Amino acid sequence: MILGVNVDHVATVREARKGVEPDPVMAATLAILGGADGITIHLREDRRHIHDRDLKILREVIPVELNLEMAATKEMIGIALKVKPDMVTLVPEKREELTTEGGLDVKRQKSNLKNAIRRIQGAGIPVGLFINPSTDDIAVSKETGADMVEIHTGLYANAKGGKQEKELIKVARSVKEALSLKLGANAGHGLNYFNVKNIASIEGLRGLYIGHSIISRAVLVGIERAVREMKVLL
Ligand code: PXP
């Protein structure tokens, strides 16, 4: 199974000072050394974390799957056609949200998605849709012509006990439905070191896309060494 590591949060820290560090490109190369099969970035309309420069350099330097998350807008489609990531995941985007908060409204946006998918695929780039774990939405995704779906695991990740089991079943059913329609099935959002196992054991999953928990752990496992290195300088 593919592990795609999302390095947006590294860019978020960089943007706290609007400087050059930490560089999400460097983080991506280290993630690859650690075994990441892919790197994901979300280029947002307001460029609040990842910048066009990051996408461009990642395209040039990483030897693994580059997954560009983006809204299905004219501007983003133009960028995707120019930079040619290995895959595109279309996501909903609201300016004020902290992260992508829900899956695409595939029913309402069907014709816009269909057009966007056709244009991106025309450049030889496979396209996935980030959707809620609903078999109805899987069926609509198929009708848009998408190659893959990424099932939103946020509700599963936030639920506890029996409720979490129910959410797990919804994700597993969605994966099964996607596979039966010959759609690649990915999953992501909110997955961490404690809740990932149940999702990872769903049969047929192509890949998991994980960001926040990995970058959070990287800060904590790295802090001791970073302080020691500063103490040596003092
Ligand atoms: N997949 C999609 C479509 C996302 O928008 C995000 C968050 O940027 C992720 C996966 C990763 O989620 P998390 O950072 O919670 O692991």
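Here, residues in each chain are numbered from 1, in the same order as that chain's written sequence. Local features are withheld for residues below a pLDDT of 70 in this predicted model, meaning they are given only at 70 or higher, and side-chain atom pairs are given and counted only at 80 or more; totals for whole chains, interfaces and linings count all residues. Note that the side-chain values use all heavy atoms of the structure and ignore hydrogens as well as water.

Undergrad: Would you mind going over the environment of glutamate 167 with me for this structure?
TA: Numbering goes from the N terminus for both helices and strands, where a helix is a DSSP run of H or I of at least four residues and a strand is a run of E of at least two. Checked against the element boundaries, glutamate 167 lands in helix H8 (residues 161–180). Measuring from C-alpha to C-alpha, the distance between glutamate 167 and proline 133 comes to 8.3 Å, with 34 residues separating the pair along the chain. Contact partners of glutamate 167, with chain neighbours within four places excluded, come to Leu155, Tyr156 and Ala159. Only heavy atoms matter for contacts: two residues are in contact if any of them lie within 4.5 Å across the pair.

Undergrad: Explain the sheet that holds strand E2 (residues 38–42) to me, please; I cannot follow it from the model alone.
TA: Each strand in a sheet pairs with its neighbour through backbone hydrogen bonds, running either in the same direction (parallel) or in the opposite one (antiparallel). Pairing between strands is defined by DSSP: at least two bridges between them are needed. One closed barrel holds the eight strands; their spatial order is E1-E2-E3-E4-E5-E6-E7-E8, and the pairing between them is parallel. Strand-to-strand, the axes of this sheet are offset by a mean angle of 25°, without reference to chain direction. Alignment of strand E1 (residues 2–6) against strand E8 (residues 207–210), held across four bridges, turns out to be parallel. From the neighbouring strand, isoleucine 2 faces E8, where its bridge partner is glycine 207. All axes here are fitted lines through C-alpha atoms, helices being fitted over the stretch that makes contact, and every angle between N-to-C directions spans 0 to 180 degrees.

Undergrad: Help me understand the nonpolar core in this model?
TA: Taken as a class, soluble globular proteins show a tendency for nonpolar side chains to be buried jointly. What is meant by a nonpolar core is a set of buried Ala, Val, Leu, Ile, Met, Phe, Trp, Tyr and Cys residues, joined one to another through side-chain atoms within 4.5 Å. Think of it in three bands: residues with accessible area under 20% of the maximum for their type are buried, residues over 50% are exposed, and the middle band is partly exposed, with areas taken using a 1.4 Å probe on protein chains only. Of all hydrophobic cores here, the largest spans 55 residues; its most connected members are Ile39, Met70, Val88, Leu90, Leu129 and Ile199. When residues of this core are assigned to their parent elements, the largest contribution, five residues, is made by helix H4 (residues 74–83). Each residue touching leucine 129, except ones within four places of it in the same chain, is listed here: Leu90, Leu104, Val106, Leu113, Ile117, Ser141, Thr144, Ala146, Met148, Val149 and Glu150.

Undergrad: Can you walk me through the packing of aromatic side chains in this structure?
TA: Aromatic rings considered in pairs are described by the distance between their centres and by the relative angle of their planes. Working definition: rings of Phe, Tyr and Trp (its six-membered ring) pair if their centres are within 6.5 Å, and the pair is stacked with planes under 30 degrees apart, edge-to-face with planes over 60 apart, and tilted otherwise. This structure, assessed with the given rule, holds zero aromatic pairs. The residue whose ring lies beneath arginine 217 is tyrosine 193, and the NZ or CZ to ring-centre distance is 3.8 Å. Either the NZ atom of lysine or the CZ atom of arginine qualifies as a charge over a ring when it sits within 6 Å of the ring centre and within 35 degrees of the ring normal.

It is worth stressing that arrangement in space is one thing and function is another; only the former is reported here.
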